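Residue-level listing of the chains:
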Amino acid sequence: MSGCKEEDSRIHSIRTTIRVVPNFPKPGIMFQDITTLLLDPKAFKNTVDLFVERYKQKNISVVAGIEARGFIFGPPIALAIGAKFVPLRKPRKLPGEVISEEYVLEYGTDCLEMHIGAVEPGECALVVDDLIATGGTLCAAMNLLERVGAEVVECACIIEIPELKGRERLKGKPLFTLLESH
Amino acid sequence: MASQDGEDQRLQKIASAIRVIPNFPKPGIMFQDITTLLLDPTAFKDTIDLFVERYRSKDISVVAGIEARGFIFGPPIALAIGAKFVPMRKPNKLPGEVISEEYSLEYGTDKMEMHVGAVRAGERALIIDDLIATGGTLCAAIRLLERVGVEVVECACVIELPELKGRDRLGDRPLFVLVEG
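Residues numbered from 1 in each chain as written. Chains lettered and ligands numbered in written order. Predicted model: local features only at pLDDT ≥ 70, side-chain atom pairs only at ≥ 80, totals over all residues. Heavy atoms only, no water.

By the naming in an unreviewed UniProt entry, chain B goes by adenine phosphoribosyltransferase and is assigned to Protea cynaroides. Comment text from UniProt for chain B, heading Subcellular location (unreviewed entry), reads "Cytoplasm". UniProt lists a comment for chain B under the heading Sequence similarities (unreviewed entry), and it reads "Belongs to the purine/pyrimidine phosphoribosyltransferase family." (UniProt positions renumbered as here; feature names shortened; annotations may be inferred.)

Under an unreviewed UniProt entry, the name given to chain A is adenine phosphoribosyltransferase, and the organism recorded is Protea cynaroides. Quoted verbatim from the Subunit (unreviewed entry) field of the UniProt record, the comment on chain A reads "Homodimer." According to its UniProt record, chain A has this under Subcellular location (unreviewed entry): "Cytoplasm".

Right under this line is the structure:
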């Protein structure tokens, strides 16, 4: 992360507006709640700006956001860099023809879907979610994009939980995060 | 709805970027798919601009977006007008203390939730969703905000399905839409 004073104060505003909710969704989990960040217009703007500054010159034509909190951060980034926004959704939400990618949960599996035709081969893509934990969802998202011939330039999240080693699960692709949570 | 030339062009572009999918989620429903609008950066920007132009001088401090497609349109509007964004969610998604509002579906009921403390009495709010059909979901969102003393200035959607009379269900709460489906 940066040593520049101005960037530090933006990161500080983001860090201090995220709320930790203990024992959600189950005992032992310290849930990183970004809804309180969204209640602070300056902190929310800082969050989007930090990503936009990083990606605006990178020829990215696709911002893929993971349902549902990736839908909050992805579109403002897409709009600012002139890219399309592609929602990656839970099964049976997207109305058109989809491709599906299954991924492993702690118990069982889940599925992520993308509309066919949303992304073209050769496009450069960013994947956005609020947080990376184990990296399973982000990995599924990357697989969907790569299966249709897009190049995933980077995965971008606000928060990383380093102990869960999600970074290692991204098949060598870069991960950019604003904060770590321990 | 809009009447100036530039606006008409933008509205036409938006309308033509929306894809209709027959028989989703069940036979007989013509589903209005906004994902194709999101694939056109100019049309998506125009959509946001049309809302921002309308709301920027209206002293709105809260934009409430209904899960999940309201999460796509609400935040860019909130950012542009300097308002907070408040997600209105299905049950058990929000981690903190919530208030709930039950509403009717065709068969059965569903619930919408908002975090306690997200909004304060006296704030002026906008509610955003991609589409208004029967108005049931929007009504639930209105009730949640009004229960905590917020003034709902307007409901705003990209698409309205007029035959389903959602507008009537909102009573005297104004509704602004860009296109009719």
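From this point on, the discussion continues.
Visitor: What's the story with the overall build of chain B in this structure? I'm lost.
Guide: Looking only at helices and strands, chain B features six helices and nine strands. Scaling as 2.2 N^0.38, a compact globule of 181 residues should have a C-alpha radius of gyration of about 16 Å, and chain B matches this with 16 Å. Principal-axis analysis of the C-alpha atoms gives chain B an extent of 45 × 40 × 30 Å. Here chain B, with 181 residues, has 54% of them falling under the buried criterion. Considering only contacts within chain B whose residues lie at least 6 apart along the sequence, 58% involve residues at least 24 apart. With the model as given, the accessible surface of chain B reaches about 7900 Å², and the carbon-plus-sulfur share is 48%. For chain B, the distance from the average site of its 22 positive side-chain charges to the average site of its 27 negative ones is 3 Å. (Helix = DSSP H or I, 4+ residues; strand = E, 2+ residues; numbered from the N terminus. Rg over C-alpha atoms; globule rule 2.2 N^0.38 Å. Buried < 20%, exposed > 50% of the residue type's maximum accessible area, 1.4 Å probe, protein only. Contact = heavy atoms within 4.5 Å. Areas by Shrake-Rupley, 256 points an atom, 1.4 Å probe, with all protein chains shown as cover. Lys, Arg positive; Asp, Glu negative; His and termini not counted. Charge placed at Lys NZ, Arg CZ, Asp CG, Glu CD.)

Visitor: Teacher, can you tell me more about the nonpolar core here?
Guide: One recurring pattern in soluble globular proteins is that nonpolar side chains are buried together. The biggest cluster of nonpolar side chains holds 70 residues, and the ones touching the most others in it are Ile-158 of chain A together with Phe-73 of chain B. Ranked by size, the runner-up nonpolar core spans 28 residues in total, among them Ala-125, Cys-139, Val-152 and Leu-175 of chain B. (Core = buried A, V, L, I, M, F, W, Y, C linked by side-chain atoms within 4.5 Å.)

Visitor: Could you clarify how one ought to interpret the interface of chain B and chain A in this entry?
Guide: How big an interface is tends to be reported as the loss of accessible area on association of its parts. If you look at the interface, chain B gives 34 residues, while chain A gives 34 residues. Carbon and sulfur atoms supply 73% of the area buried between chain B and chain A, which totals about 2700 Å² over both sides. Summed over the shared surface of chain B and chain A, the number is six residue pairs in polar contact (both at pLDDT 80 or more). For the side of chain B that touches chain A, the secondary-structure elements that each account for two or more residues are strand E1 (19-22), strand E2 (30-33), helix H2 (35-38), helix H3 (41-55), helix H4 (70-81) and strand E4 (84-88) of chain B. Looking at which element gives the most residues to the side of chain B that touches chain A, the answer is H4 of chain B, with five residues. (Buried area = accessible area lost by both parts, 1.4 Å probe. Polar contact = N/O pair within 3.5 Å; in protein donor to acceptor, adjacent residues only side chain to side chain.)

Visitor: Explain the confidence of the model for chain B to me, please; I cannot follow it from the model alone.
Guide: Residue and element names in this part refer to chain B. When pLDDT is averaged along chain B, the result is 96, and 98% of the positions lie at 70 or above. Mean pLDDT across the elements of chain B bottoms out in helix H1 (residues 5-17) (93) and peaks in H4 (99). Across the assembled chains, the prediction reports ipTM 0.96 with pTM 0.96. (pLDDT = per-residue confidence, 0-100.)

Visitor: In this structure, what is going on with the packing of aromatic side chains? I would like to understand it.
Guide: Two measures describe an aromatic ring pair: the distance that separates the ring centres and the angle between the ring planes. All names here are of chain A. One pass over the structure, following the stated rule, counts 10 aromatic pairs over all chains. For the pair Phe-44 and Phe-73, a centre-to-centre distance of 5.7 Å together with 85 degrees between the ring planes defines the contact as edge-to-face. Of the two residues, Phe-44 sits in helix H3 (residues 41-55) while Phe-73 sits in helix H4 (residues 70-81), which places them 29 residues apart along the sequence. Relative accessible area serves as the criterion here: at 1%, Phe-44 is assigned to the buried category. Among the aromatic residues, those joined into a cluster by ring pairs are Phe-51, Tyr-55 and Phe-176. (Phe/Tyr/Trp six-rings, centres within 6.5 Å; stacked < 30°, edge-to-face > 60°.)

Visitor: Explanation requested: the UniProt feature "domain: Phosphoribosyltransferase" (unreviewed entry) in chain B in the structure shown.
Guide: The sites that carry the UniProt feature "domain: Phosphoribosyltransferase" (unreviewed entry) are, in the present numbering, residues 41-169 of chain B. Along residues 41-169 of chain B, the helical share is 33% and the strand share 33%, with 33 Å between the first and last C-alpha atoms.

Visitor: Teacher, can you tell me more about the pairing of strand E9 (residues 175-180) of chain B here?
Guide: Along any regular strand the residues' side chains alternate between the sheet's two faces. All names here are of chain B. For E9, the buried fraction is high: five of the six residues fall into the buried class. Both strand E8 (residues 151-160) and E9 contribute to a ladder of five bridges, which runs parallel. Counted as the bridge partner of Ile-159 is Val-179 from E9. (Pairing = 2+ DSSP bridges.)

Visitor: Which parts of the structure should I look at to understand H1 of chain B?
Guide: The periodicity of an α-helix, 3.6 residues per turn, causes residues three or four positions apart to be oriented the same way. Residue and element names in this part refer to chain B. In this model, H1 (13 residues) spans 19 Å end to end at C-alpha, consistent with the 18 Å of a helix rising 1.5 Å per residue. Turning to H1, its buried residues are Glu-7, Arg-10, Leu-11, Ile-14 and Ala-17. Across the axial projection of H1, the buried residues extend over an arc of 125 degrees, all falling on one side. Those residues of H1 that are exposed and aimed more than 90 degrees away from the buried face are Asp-5, Gln-9, Gln-12 and Ser-16. In this structure, the buried residues of H1 make contact with E1, H2, H3, E8 and E9. (Expected span 1.5 Å × (residues − 1). Arc of directions from axis to C-beta.)

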